[in-house]
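# Summary of structural features
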Amino acid sequence: MEVSRQHIYSDAELDSHEGQVIAELKANSQCIIPDPDEWLDEELRRNVLLTTVDAFLNWARTSSMWPVISFPACCAFELISTAASRFDISRFGMEILRASPKQADLMITAGTLTWKMAPQIKRLYNQMAEPKWVIAMGACGISGGLFRGSYAVVPGYNHIIPVDVYVPGCPPRPEALLYGIQMLHKKIKKQSNFTGGER
Ligand code: SF4
């Protein structure tokens, strides 16, 4: 069966219409369209910062220190108070006290340590992520404090783990602990991530 071809427009009309569209587009396209992101050239000049890898890594580390839970005695209440709303350590990016050492990079030794607890504290420290730091909080954390003479008490956490900052007091107030945290930040900012020493 023969199918007849029927069009609304003839081939000549279609060609003419196409020609008109092209001519119109050509007439309206004589100028280059301005780059909509030209302003970026100026903005980038004003907003790019140059720094060192050390400074950047150390800034990131000091802004996100996560303390592990290790509260063997009464200094713990000052640490808990430091974390609560009045003193608020979340200002330093460290609001959550981690329940697992594998999520933490800071140990704050809030309390007297007995030799019986010492292996657990050492294990917690060993399981923490690298790089990691320790703040010895309170007289007991620094030297055994009142209980230093006891056969059962460790005379300072620095006998079993390396301590970076000492915060004296019995107990130290939250302001003192916050000052110790800021001292630790200063120490970290001076560290070189390549040589391991001071940069
Ligand atoms: S330093 Fe004082 S407050 Fe802190 S754990 Fe020792 S006895 Fe308790």
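Residues numbered from 1 in each chain as written. Predicted model: local features only at pLDDT ≥ 70, side-chain atom pairs only at ≥ 80, totals over all residues. Heavy atoms only, no water.

To continue, consider the overall build of the protein. Each helix and strand in the protein was counted, giving seven helices and four strands. In sequence order, the secondary structure elements of the protein are arranged as α-α-α-β-α-β-α-β-α-β-α. In terms of overall dimensions, the protein is more spread out than a globule: its C-alpha atoms have a radius of gyration of 33 Å, far above the 16 Å expected for 199 residues. Here the C-alpha coordinates of the protein stretch approximately 110 × 55 × 40 Å along the principal axes. Out of the 199 residues in the protein, the part that is buried amounts to 31%. If you take every contact in the protein between residues at least 6 apart in sequence, the share linking residues at least 24 apart comes to 78%. When the accessible surface of the protein is totalled, it reaches about 13,400 Å², and 59% of it is carbon and sulfur. (Helix = DSSP H or I, 4+ residues; strand = E, 2+ residues; numbered from the N terminus. Rg over C-alpha atoms; globule rule 2.2 N^0.38 Å. Buried < 20%, exposed > 50% of the residue type's maximum accessible area, 1.4 Å probe, protein only. Contact = heavy atoms within 4.5 Å. Areas by Shrake-Rupley, 256 points an atom, 1.4 Å probe, with all protein chains shown as cover.)

Before going further, it helps to spend a moment on the confidence of the model for the protein. Detailed reading of the predicted coordinates is not advisable wherever pLDDT is low. Confidence along the protein averages 87 in pLDDT terms, with 96% of residues attaining 70 or more. Per-residue pLDDT, averaged within each element of the protein, yields its smallest value for helix H2 (residues 39-47) (74) and its largest for strand E4 (residues 165-167) (94). (pLDDT = per-residue confidence, 0-100.)

Along the chain, the position of Asp 105 falls in the loop between helix H4 (76-83) and strand E2 (106-110). Buried charge without a salt bridge: Asp 105, with Arg 61 as the nearest opposite-charge side chain at an N-O distance of 6.8 Å. Reaching out from Asp 105, the side chain makes a polar contact with the backbone nitrogen of Trp 66 at a distance of 2.8 Å. (Lys, Arg positive; Asp, Glu negative; His and termini not counted. Salt bridge = Lys/Arg side-chain N within 4 Å of Asp/Glu carboxyl O. Polar contact = N/O pair within 3.5 Å; in protein donor to acceptor, adjacent residues only side chain to side chain.)

Turning next to the site of the ligand. Lining the immediate environment of the ligand, one finds Cys 74, Cys 75, Gly 111, Thr 112, Ala 139, Cys 140, Phe 147, Gly 169, Cys 170 and Pro 171. Split into classes, the residues belonging to the shell around the ligand amount to seven nonpolar, three polar and no charged. (Near = heavy atom within 4 Å. Nonpolar A, V, L, I, M, F, W, Y, C, P; charged D, E, K, R; others polar.)

Next up on the list: the packing of aromatic side chains. With the rule as written, the count across this model stands at one aromatic pair. Taking the ring centre of Tyr 125 as reference, the NZ or CZ of Lys 132 above it sits at 4.4 Å. (Phe/Tyr/Trp six-rings, centres within 6.5 Å; stacked < 30°, edge-to-face > 60°. Lys NZ or Arg CZ within 6 Å of the ring centre and 35° of its normal.)

Further remarks concern the sheet that holds strand E3 (residues 133-137). If you trace the four strands from one edge of the open sheet to the other, you get E1-E2-E3-E4, paired in parallel fashion. Only two strands of the sheet have a single neighbouring strand rather than two, namely strand E1 (67-68) and E4. Sheet topology places E1 next to E2; two bridges connect them, and they run parallel. Following the sheet pairing, Pro 67 is matched in E2 by Leu 106. (Pairing = 2+ DSSP bridges.)

With five of five residues buried, E2 lies mostly within the body of the structure. Here E2 shows a buried face lined by Leu 106, Ile 108 and Ala 110 and a second buried face lined by Met 107 and Thr 109. Looking at chain direction, E2 and E3 are connected through five bridges and run parallel. Bridge pairing in E3 links Ala 110 to Met 137.

Running from N to C, helix H3 (residues 53-62) and helix H7 (residues 174-189) point in directions that differ by 160°, and their axes come no closer than 9 Å. Considered as vectors, H3 and H7 are oriented roughly antiparallel to each other. You can see that H3 and H7 cross each other, and the crossing is right-handed. Only His 185, Ile 188 and Lys 189 of H7 make contact with H3, whose side of the interface consists of Asn 58, Arg 61 and Thr 62. (Axes fitted to C-alpha atoms, helices over the stretch in contact; angles between N-to-C directions. Parallel < 35°, antiparallel > 145°, perpendicular 65-115°, else oblique. Left-handed = near helix turned anticlockwise from the far one by under 90°.)

Glancing now at H4. Listed in full, the buried residues belonging to H4 are Ala 76, Leu 79 and Thr 82. Buried residues along H4 cover an arc of 120° about the axis, so they all sit on one side. Of the surrounding elements, those touching the buried residues of H4 are E2, E3 and H7. (Arc of directions from axis to C-beta.)

A separate point is the side chain of Lys 132. Mapped onto the elements, Lys 132 comes out in the loop between helix H5 (118-127) and E3. Using a relative accessible area of 12% as the deciding quantity, one classes Lys 132 as buried. A distance of 2.8 Å separates the side chain of Lys 132 from the backbone oxygen of Tyr 125, its partner in a polar contact. Within polar-contact distance, the side chain of Lys 132 engages the backbone oxygen of Met 128 at 3.4 Å. Those residues within four positions of Lys 132 in sequence are excluded, and the remaining contacts are Asp 105, Tyr 125, Asn 126 and Asp 164.

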